[in-house]
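Letter by letter, the chains look like this.
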Amino acid sequence: LAKTTQPISMDSYEGQEVNITCSHNNIATNDYITWYQQFPSQGPRFIIQGYKTKVTNEVASLFIPADRKSSTLSLPRVSLSDTAVYYCLVGDGGKFYFGSGTKLNVKP
Amino acid sequence: ETGVTQTPRHLVMGMTNKKSLKCEQHLGHNAMYWYKQSAKKPLELMFVYNFKEQTENNSVPSRFSPECPNSSHLFLHLHTLQPEDSALYLCASSQERGTRPQHFGDGTRLSIL
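Below you will find a few notes about this structure. Keep in mind the model is a prediction, meaning the values are calculated, not measured.

### Re the sheet that holds strand E7 (residues 64-70) of chain B
All names here are of chain B.
- The strand order across the open sheet formed by four strands is E1-E3-E8-E7, and the pairing between neighbours is antiparallel. The two strands at the open ends of the sheet, each matched to only one other strand, are strand E1 (4-7) and E7. Averaged over all pairs of adjacent strands, the angle between their axes in this sheet comes to 20°, without regard to strand direction.

This is the structure we're talking about:
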């Protein structure tokens, strides 16, 4: 089963680039990698999704190496409002799991 | 506005009560999900419905009973809950079952007395 491993927490300062890595050794051939952001008392919000190589949208980039056993979410120039928990989601055919999440704390 | 609406937002109930949580989406999605989020634990997938048919039940106790009358509505019926069932219950929908982006509601905060 494609479970995921993420750092429990990270600290950063406003204006910095933040990279959060997720390990998923048992990812299946047809699975996508999806990242979500969650603020307290709210549901997770979709950030970005990819299958391989690099994907970029208006808020983040996702880097996936050729073996797809890990992925890195990159947040450019974070602000205080980016303080949240970030989850990596990887499917495994029929079942899929959210990771434990990485609590990002952005400091002024 | 996420497109997925959950009611009520907060619910306090005794262990012998019966209540229901409601989820509604008008995104035209075919898959709907129930998750449980307890303090300091990962989101736990409870049930999955695809085209109104239940496709997954992740060993959820029978005191939780889901219902999906149509593709836009999902219910979670609660009966004889335990204190450890206190949590945030999240509903989500997606175009198709699997790892395609899911749209989440803001959840129902459930407290069992």
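### Some details on the packing of aromatic side chains
All names here are of chain B.
- Summed over the entire model, instances satisfying the criterion amount to six aromatic pairs over all chains.
- With a centroid separation of 6.3 Å and 35° between ring planes, the pair formed by Tyr33 and Tyr35 is classed as tilted.
- The class of Tyr33 is buried, set by a relative accessible area of 0%.
- Among the residues examined, Tyr35 registers a relative accessible area of 1% and is labelled buried.
- Here Tyr35 and Phe104 contribute two aromatic rings whose centre-to-centre distance is 5.3 Å and whose plane-to-plane angle is 45°, an arrangement assigned as tilted. Taken together, the residues span a long stretch of sequence, with Tyr35 in strand E4 (residues 31-37) and Phe104 in strand E10 (residues 103-104) at a distance of 69 residues.

### What to know about the sheet that holds strand E7 (residues 70-75) of chain A
Residue and element names in this part refer to chain A.
- In spatial order, the strands read E2-E7-E6-E5; together these four strands make up an open sheet with antiparallel pairing. At either margin of the open sheet sits one strand with a lone partner, and together these are strand E2 (18-23) and strand E5 (53-56). Sheet twist, expressed as the average angle between the axes of neighbouring strands with direction ignored, equals 15°.
- Two elements, E5 and strand E6 (residues 61-64), share four bridges in a ladder whose sense is antiparallel. Directly across from Thr53, in E6, lies its bridge partner Ile64.

### As for the nonpolar core
- By size, the foremost hydrophobic cluster in this structure holds 22 residues, and its most contacted members are B:Trp34, B:Phe64, B:Leu76 and B:Leu78.
- For this core, the elements supplying multiple residues, two or more each, are strand E2 (10-13), strand E3 (18-25), E4, strand E5 (44-50), E7, strand E8 (73-79), strand E9 (87-94) and strand E11 (108-112) of chain B.
- Residues contacting B:Phe64, with those up to four places away along its chain left out, are B:Met46, B:Phe47, B:Leu76, B:His77, B:Leu78, B:Leu81, B:Asp85 and B:Tyr89.
- A:Cys22, A:Ile33, A:Ile47 and A:Ile48 belong to the second largest nonpolar core, which has 20 residues in total.

### Considerations on the pattern of salt bridges
- Under the defined criterion, the tally for this structure stands at five salt bridges over all chains.
- Between A:Arg45 and B:Asp106 there is a salt bridge, with its nearest N and O atoms 2.6 Å apart. Pair noted here: A:Arg45 is in strand E4 (residues 45-50) and B:Asp106 is in the loop between E10 and E11, and the two residues belong to different chains.
- Judged by relative accessible area, A:Arg45 falls into the partly exposed class, the value being 23%.

### Here we look at unusual backbone geometry
All names here are of chain B.
- A cis amide bond links Thr7 to the next residue, Pro8, at an omega of -10°.
- Following the sequence through the fold, Pro8 ends up in the loop between E1 and E2.
- You will see that Lys52, though not glycine, has its phi angle at about 70°, which is positive.
- Structurally, the position occupied by Lys52 is in the loop between E5 and strand E6 (53-57).
- Among the residues examined, Lys52 registers a relative accessible area of 41% and is labelled partly exposed.

### Focus: the interface of chain B and chain A
- Between chain B and chain A, the residue contacts involve 20 residues of the former and 21 residues of the latter.
- Taken together, the two surfaces of chain B and chain A that pack against each other cover about 1700 Å², and 52% of this comes from carbon and sulfur.
- Between chain B and chain A we count one salt bridge in total.
- Linking chain B with chain A are seven residue pairs in polar contact (both at pLDDT 80 or more).
- Broken down by element, the residue count for the side of chain B that touches chain A peaks at three residues, all from E4(B).

Thresholds, definitions, all that
- Residues numbered from 1 in each chain as written.
- Chains lettered and ligands numbered in written order.
- Predicted model: local features only at pLDDT ≥ 70, side-chain atom pairs only at ≥ 80, totals over all residues.
- Heavy atoms only, no water.
- Pairing = 2+ DSSP bridges.
- Helix = DSSP H or I, 4+ residues; strand = E, 2+ residues; numbered from the N terminus.
- Axes fitted to C-alpha atoms, helices over the stretch in contact; angles between N-to-C directions.
- Phe/Tyr/Trp six-rings, centres within 6.5 Å; stacked < 30°, edge-to-face > 60°.
- Buried < 20%, exposed > 50% of the residue type's maximum accessible area, 1.4 Å probe, protein only.
- Core = buried A, V, L, I, M, F, W, Y, C linked by side-chain atoms within 4.5 Å.
- Contact = heavy atoms within 4.5 Å.
- Salt bridge = Lys/Arg side-chain N within 4 Å of Asp/Glu carboxyl O.
- Buried area = accessible area lost by both parts, 1.4 Å probe.
- Polar contact = N/O pair within 3.5 Å; in protein donor to acceptor, adjacent residues only side chain to side chain.

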